[in-house]
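What follows is each chain in one-letter form.
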Amino acid sequence: MGSGVTKTSEFNKRYDRAMKAAVMIQRWYRQYVARMEVRRRYTWNIFQSIEYSDLQDQIKLYNFLGYLVDNFTPSSSERNLISHIFRENEVCRDAEWERYFSYANIEVPDIYSGPRLSFPLDMAQVANLAEAFKNKQQLHSRYVLQLLLETWKLLRVLPNINRVSTCHSKEITICGDLHGQLEDLLLIFYKNGMPSLEKPYIFNGDYVDRGKDSIEILLILFAFLLVYPGDVYLNRGNHEDHIINLRYGFTKEVLKKYKMHGKRILKLLQKIFSWLPLVTVIDHRVLVVHGGISDSTDLSLIARVDRHKYVSAMRPPKKSSASRTNLYRPAVYDEMMISKNRRGSLMFPKPLGSRDSFQRRSLQNFSSTITRTVEEELEIRRRQSEFSLSSFSRSHQILNLSLSSESEPDSSEFTNTNNDEWKQILDLLWSDPMSQDGCIPNEIRGGGCYWGPDVTEDFLNRHNLQLIIRSHECKQDGYEFCHNRNVLTIFSASNYYEVGSNRGAFIRLGPDLVPYFVQYQATGMTRGLSFSQSMKRTEHTALKVLREQLFAHKSDLISAFQVFDKEKTGLISLDNWAAAIERVLRLDLPWLVLHAQLVSNTSDDLLDYHAWFRDLALKKPGCEHIEQTLLEALYRHRSTMETIFRIVDTDNSGFITFEDFRQTLKLLSAYLNIEISDEAVNELVINTDTNNDGSIDIDEFMEAFRLVDKSRLERGRSLLKFKQENQDLPQEEQTPQTAESAASQNVQSPDPKTSDSSDPQTADSLDSQTRDSPVLQRADSSYLQTGTSQDSKTAECSAPQTADSPGLQTDSPSSQTSDSSGSRT
Amino acid sequence: MAPKKKEEPKPAAAPKPPEPEPPKEPEFNPAEVQIEFTAEQIEDFKDAFQLFDRTPTNEMKITFAQCGDLIRALGQNPTNAEVLKVLGKPKAEDMQVKMLDFDQFLPMHQHICKAKDRGTFEDFVEGLRVFDKEGNGTVMGAELRHVLATLGEKMKEDEVEQLMAGQEDANGCINYEAFVKHVMAG
């Protein structure tokens, strides 16, 4: 220390200033962190909210079709459409299936440079396969079919309940949802090692949909299953279901990657999915199941069912018409039934536990067209909740009606048992935990139920178990306990909503049955970004999605604003703005907190909403002559629309006939309660029926409904580029392409036709752009399934996140300590 | 390191205590606080409050520990000591356990909002200039880390890491004006 007077006081002064500075920085830092936290939370809320809202669409769709069946007599053609939709596939005997799926006559050309398989498989081949997929190669359809057939043969002899033991001090690794994210699977293998005799794995369902490498994940998992049948266990998830796949992208992916044999592959997968075991039990103590349980779940019953009869959650088992009762009435969700209020519900207590779960949304209000009273509706719902069949019973009924006009050759006896079994399976695959006691139907998902801690306890006691491990729900840290640590959710798809949105995790379980967690985050896209940067990116995407929603509801929003702004001054106060938006969108988001992000000119008092809409700066789809509200409605429901198209396209060709298209739009117009006039339909058709043969390419049609903003612009450019390549037009610079449009690059017919009008078009007019691509129509041409350089070229141009080699990424900065983050609980 | 060993009869101000603790102030009394927020602002706060509410049944309650975060999220930047004061100086073990609802929160927030010494860009830069040994507009990253972790209301190592991520140049120096802009911009 200083000895002189001056020195000490100088020192003091400096010290003081340093202290002040430190405190100041610390204060500001903490504020910064708090602000980031808020943003992180609402970003998460936005994604969850939109996801649940989307789930609702699927249910709405089926309810809607049921509503039609009940409430008006469709003309004969419409009726055919509906039964068309719900028609069961022809049930063939096994021998016929084998012949249908025969791969033997599929030739693999010499030029194919992808992996070649020889059966029986061994570990080296599987490792090689994984490596090939990592390098964006594609497995030839011959090997795919062969692999799938072998898998099917194996699965058929597996029981409904896998039984695993941790003897020999083996640690079992348990993985949750993967959803087509190959990067995550490879990361898991990198961190944990591949499956082997010493390293058993359980995969808990949802391998496919949403991500872009679903088929690759399946192939790897099945390959491991074949090599180590005693050490690899696969549970079925709710996405292992061909109807769900229609909506959530797996069907599309397979058809794009395997243009010639995709349909067969899908059909075979349909069977394979139905043969996947339902649950796994470890040491008679730990249950591993994809969704969860209900108060009626009974493992001994589960063990006995014929699981392969339950092909899809949307297609209940056939039932003799005699037992059709009043109980299966249309589940019309009146707005009144479901509380608009965040804080509770008329009929059901708010079942959703943690902040990450969401309240129900109200569904399309059919009340104006239904003459049922509220009391009747309540009664029906109550009765339905007893059976917890909710909306899946709809398709049941429809099926009955559609089948009643056809003769059934195969009428084995179907009883109430079938329905019980079906319900049991639905519960296993679709349920979610809630924090309140009890067990109620899962309205948001439309299947399974919400089950409470008391049900868990009862179930564990009855079956002498100590822990339930499940997946099915995205968790920010990759895993989460609930129900007093009796239920553990494990989710293995990191960055599920968007880059940076969440971590993935897997569990290691040793003989002590204490779960040890390893978290990770695939960082192909965010390598080098700090936490705040990647968080901002996630937020950006969430807000973009939200803006699209706002845009899609423009007309409704303006009407809602004008309720407050009766003189139509165009101005509205902020809290009225927030209230109006919530009323229309019903996403239950903190609009006031978000408003700074959504409204650019944040002046003090009033918001000019017309200017605000202009500011949203999104260009609407290119059919200007079609009425705004119709366009908005179609845009909003585009995913439902697309799903219907794909359902109608039963042979999965990618095309539907003009007539079916018209019928579908008519159905939609009834469903949406809006006018879609014949002229409007014709307009829509003319814009998209490009080869004038009376059939419509579904993808092309949907292209017209992409809003144009920056990222879409890329897609448009890539389409343009593709056409230029085929027409020898002047080249533009290379732009990164998404996997979808890149896949369309694959289609090189042997002799490319020149298109009709070869004006180079700007990406803005996407609709006209899609008109001139005759090559796309030749989807079923003699395109050879090869894993050639073409495919790898495609892969390189695919979405930037796979530009780096996946799977070997370092963890994101925030999880540097991921290995040690494993907590012995 | 005890700076205050000897008092000298100096004309300058008496040595201040090293910790930024407000000297002998009366305890915080929420009843005495006049709420001056507008209804709109209050709605806004409610929205944010909701975001922090982690109760399973959405009771509109947050823990004591979250109170500071919420106040900061709403644009204030109190010190930890100031937050503890409005919370009524709770014990450490209470922070994660005790809850408050929105009505209890509002006067706390109002009090903090009224506090004068909020700090501007200039203040912040001035504060950092203290560490600018060479007077060239940069500070040593290592020194700053050390200070933040050891002085004042100490930050944890990973917090410091997060704050400083990407800020240092190749020599380990930070241009502090840019740094301040970065932190204040959020």
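Rules used in this analysis
Residues numbered from 1 in each chain as written. Chains lettered and ligands numbered in written order. Predicted model: local features only at pLDDT ≥ 70, side-chain atom pairs only at ≥ 80, totals over all residues. Heavy atoms only, no water. UniProt positions renumbered as here; feature names shortened; annotations may be inferred. Helix = DSSP H or I, 4+ residues; strand = E, 2+ residues; numbered from the N terminus. Buried < 20%, exposed > 50% of the residue type's maximum accessible area, 1.4 Å probe, protein only. Contact = heavy atoms within 4.5 Å. Areas by Shrake-Rupley, 256 points an atom, 1.4 Å probe, with all protein chains shown as cover. Pairing = 2+ DSSP bridges. Polar contact = N/O pair within 3.5 Å; in protein donor to acceptor, adjacent residues only side chain to side chain. pLDDT = per-residue confidence, 0-100. Axes fitted to C-alpha atoms, helices over the stretch in contact; angles between N-to-C directions. Salt bridge = Lys/Arg side-chain N within 4 Å of Asp/Glu carboxyl O. Core = buried A, V, L, I, M, F, W, Y, C linked by side-chain atoms within 4.5 Å. Expected span 1.5 Å × (residues − 1). Parallel < 35°, antiparallel > 145°, perpendicular 65-115°, else oblique. Nonpolar A, V, L, I, M, F, W, Y, C, P; charged D, E, K, R; others polar. Phe/Tyr/Trp six-rings, centres within 6.5 Å; stacked < 30°, edge-to-face > 60°. Lys NZ or Arg CZ within 6 Å of the ring centre and 35° of its normal.

The name given to chain B in an unreviewed UniProt entry is EF-hand domain-containing protein, and the organism recorded there is Triplophysa rosa.

Per an unreviewed UniProt entry, chain A goes by the name Serine/threonine-protein phosphatase and belongs to Triplophysa rosa. Heading Cofactor (unreviewed entry) of the UniProt record for chain A holds this comment: "Mn(2+)". Listed under Sequence similarities (unreviewed entry) in UniProt, the entry text for chain A is "Belongs to the PPP phosphatase family."

Caption draft 1: Summary view of the overall build of chain B. When its secondary structure is counted, chain B shows eight helices and four strands. Reading the helices (α) and strands (β) of chain B from amino to carboxyl end gives α-β-α-α-β-α-α-β-α-α-β-α. Buried residues in chain B amount to 41% of all 186 residues. Here the contacts in chain B between residues at least 6 apart in sequence split such that 62% fall between residues at least 24 apart. Working note: accessible area of chain B is about 10,600 Å², and carbon and sulfur atoms make up 52% of it.

Caption draft 2: Layout of the pairing of strand 13 (residues 504–509) of chain A. Residues and elements named next belong to chain A. Extensive coverage of strand 13 is indicated by the burial of six of its six residues. Side chains Gly-504, Phe-506 and Arg-508 of strand 13 all project onto a buried face; the interleaved residues Ala-505, Ile-507 and Leu-509 project onto the opposite face, where all are buried too. Alignment of strand 2 (residues 172–175) against strand 13, held across four bridges, turns out to be antiparallel. Bridging across to strand 13, Ile-174 finds its partner in Ile-507. Examined bridge by bridge, strand 13 and strand 14 (residues 515–520) share six bridges and lie antiparallel to one another. Bridge pairing in strand 14 places Leu-509 opposite Pro-515. Connecting strand 13 to the antiparallel partner strand 14 that follows it, the hairpin turn spans five residues, and Leu-513 within it adopts a positive phi of roughly 60°.

Caption draft 3: A look at the sheet that holds strand 9 (residues 449–451) of chain A. Spatial ordering of the open sheet is given by 7-9-8 (chain A), a layout of three strands whose pairing is mixed. Of all strands in the sheet, those with a lone pairing partner are strand 7 (432–433) and strand 8 (439–441) of chain A, marking the two edges.

Caption draft 4: Highlighting the environment of Thr-489 of chain A. Residue and element names in this part refer to chain A. Within the secondary structure, Thr-489 sits in strand 12 (residues 487–490). The exposure class assigned to Thr-489 is buried, which follows from its relative accessible area of 1%. The sequence separation of Thr-489 and Tyr-479 amounts to ten residues, and the corresponding C-alpha distance is 5.3 Å. Non-local contacts of Thr-489, meaning those with residues more than four positions away in its chain, are made with Arg-470, Ser-471, Glu-473, Lys-475, Gly-478, Tyr-479 and Glu-480. Here Arg-470 takes part through its side chain, which lies 3.1 Å from a polar atom of the side chain of Thr-489.

Caption draft 5: The confidence of the model for chain A, seen in detail. Chain-level statistics for chain A give a pLDDT mean of 69 and a share of 60% at 70 or above. In the model, residues 728–825 of chain A has pLDDT below 50 throughout and makes 202 contacts with residues more than four positions away in sequence or in other chains.

Caption draft 6: Region of the structure containing the UniProt feature "domain: EF-hand" (unreviewed entry) in chain A. Using the residue numbers shown here, the UniProt feature "domain: EF-hand" (unreviewed entry) corresponds to residues 552–587, 636–671 and 676–711 of chain A. End C-alpha to end C-alpha, residues 552–587 of chain A measures 14 Å, and it is 67% helix and 8% strand.

Caption draft 7: Structural context of the sheet that holds strand 3 (residues 201–203) of chain A. Residue and element names in this part refer to chain A. Taken together, five strands build an open sheet; the order of strands is 4-3-2-13-14 and the sheet is mixed. On the outer flanks of this sheet lie strand 4 (232–234) and strand 14, each paired with one strand and no other. This sheet shows a mean twist of 20° between the axes of neighbouring strands, independent of strand direction. The pairing of strand 3 with strand 4 spans three bridges and is parallel. The residue of strand 4 that forms the bridge with Ile-202 is Tyr-233.

Caption draft 8: Summary view of the confidence of the model for chain B. All names here are of chain B. When pLDDT is averaged along chain B, the result is 78, and 82% of the positions lie at 70 or above. The element-level mean pLDDT for chain B is lowest in helix 5 (residues 121–129), coming to 78, with strand 2 (residues 99–101) highest at 89. Confidence drops under pLDDT 50 across residues 1–17; counting only partners more than four residues distant or on other chains, this segment forms twelve contacts. Scoring of the predicted complex yields 0.64 for pTM and 0.79 for ipTM.

Caption draft 9: Quick look at the pattern of salt bridges. Residue and element names in this part refer to chain A. For the structure shown, the criterion picks out 24 salt bridges over all chains. Notably, a salt bridge pairs Asp-427 with Lys-423, separated by 2.6 Å at the nearest N-O pair. Of this pair, Asp-427 and Lys-423 both sit in helix 14 (residues 416–430), four residues apart, which is roughly one turn of the helix. On the accessibility criterion, Asp-427 (1% relative accessible area) is buried.

Caption draft 10: Quick peek at the nonpolar core. Residue and element names in this part refer to chain A. With 68 residues, the main nonpolar core has Phe-561, Trp-577, Trp-591 and Trp-612 as its most contacted residues. The dominant element in this core, judged by the number of residues it contributes, is helix 1 (residues 5–71), at seven residues. The next biggest cluster of nonpolar side chains, apart from the first, holds 63 residues, and it includes Leu-129, Phe-250, Leu-276 and Val-518.

Caption draft 11: Looking closely at helix 10 (residues 262–275) of chain A. With 14 residues, helix 10 of chain A ought to run about 20 Å at 1.5 Å a step, and its terminal C-alpha atoms sit 20 Å apart, in line with that. Where burial is concerned, most of helix 10 of chain A is hidden: 13 out of the 14 residues are buried.

Caption draft 12: Layout of the environment of Phe-121 of chain B. All names here are of chain B. In this fold, Phe-121 is placed in helix 5. Taking relative accessible area as the criterion, Phe-121 reaches 25% and is therefore assigned partly exposed. The spatial distance from the C-alpha of Phe-121 to the C-alpha of Glu-177 is 8.8 Å, given a sequence separation of 56 residues. Every residue in contact with Phe-121, bar those within four places of it in the chain, is listed here: Glu-177, Val-180, Lys-181 and Met-184.

Caption draft 13: View of the side chain of His-463 of chain A. All names here are of chain A. Positionally, His-463 belongs in helix 15 (residues 453–463). Of note is the side chain of His-463, whose polar atom sits 3.1 Å from the backbone nitrogen of Leu-299. Contacts of His-463, omitting those with residues within four sequence positions, involve Thr-297, Asp-298 and Leu-299.

Caption draft 14: Main features of the packing of helix 4 (residues 123–134) of chain A against helix 7 (residues 214–227) of chain A. All names here are of chain A. Their axes nearest at 10 Å, the elements helix 4 and helix 7 cross at an angle of 170°. Looking at the two axes, helix 4 sits roughly antiparallel to helix 7. The segment helix 4 lies against helix 7, with Met-123, Val-126, Leu-129, Ala-130 and Phe-133 engaging Glu-216, Leu-219, Ile-220, Ala-223, Phe-224 and Val-227. A breakdown of the residues in the contact of helix 4 with helix 7 according to their chemical character gives ten nonpolar, no polar and one charged.

Caption draft 15: View of the packing of aromatic side chains. One pass over the structure, following the stated rule, counts 20 aromatic pairs over all chains. Considering the side-chain rings of Tyr-479 of chain A and Phe-517 of chain A, the 3.7 Å spacing of their centres and the 5° angle between planes classify their relative orientation as stacked. Placement of Tyr-479 of chain A in strand 11 (residues 479–482) and of Phe-517 of chain A in strand 14 is noted, with a sequence separation of 38 residues between them. For the pair Tyr-479 of chain A and Phe-517 of chain A, one class covers both residues: buried. Ring centres of Phe-102 of chain B and Phe-105 of chain B lie 6.3 Å apart, and the angle between their planes is 40°; this geometry places the pair in the tilted category. A residue pair is termed a helical-turn pair when its members lie 3 or 4 positions apart in one helix, as Phe-102 of chain B and Phe-105 of chain B do in helix 4 (residues 102–114) at three residues. Accessibility classification places Phe-102 of chain B together with Phe-105 of chain B in one group, the buried group. Put simply, the rings of Trp-44, Phe-47, Phe-491, Tyr-496 and Tyr-497 of chain A pair up and form one aromatic cluster. Over the aromatic face of Trp-152 of chain A sits the side chain of Arg-156 of chain A, whose NZ or CZ is 4.3 Å from the ring centroid. Positioned above the aromatic ring of Phe-481 of chain A, the side-chain terminus of Arg-485 of chain A is 3.9 Å from the ring centre.

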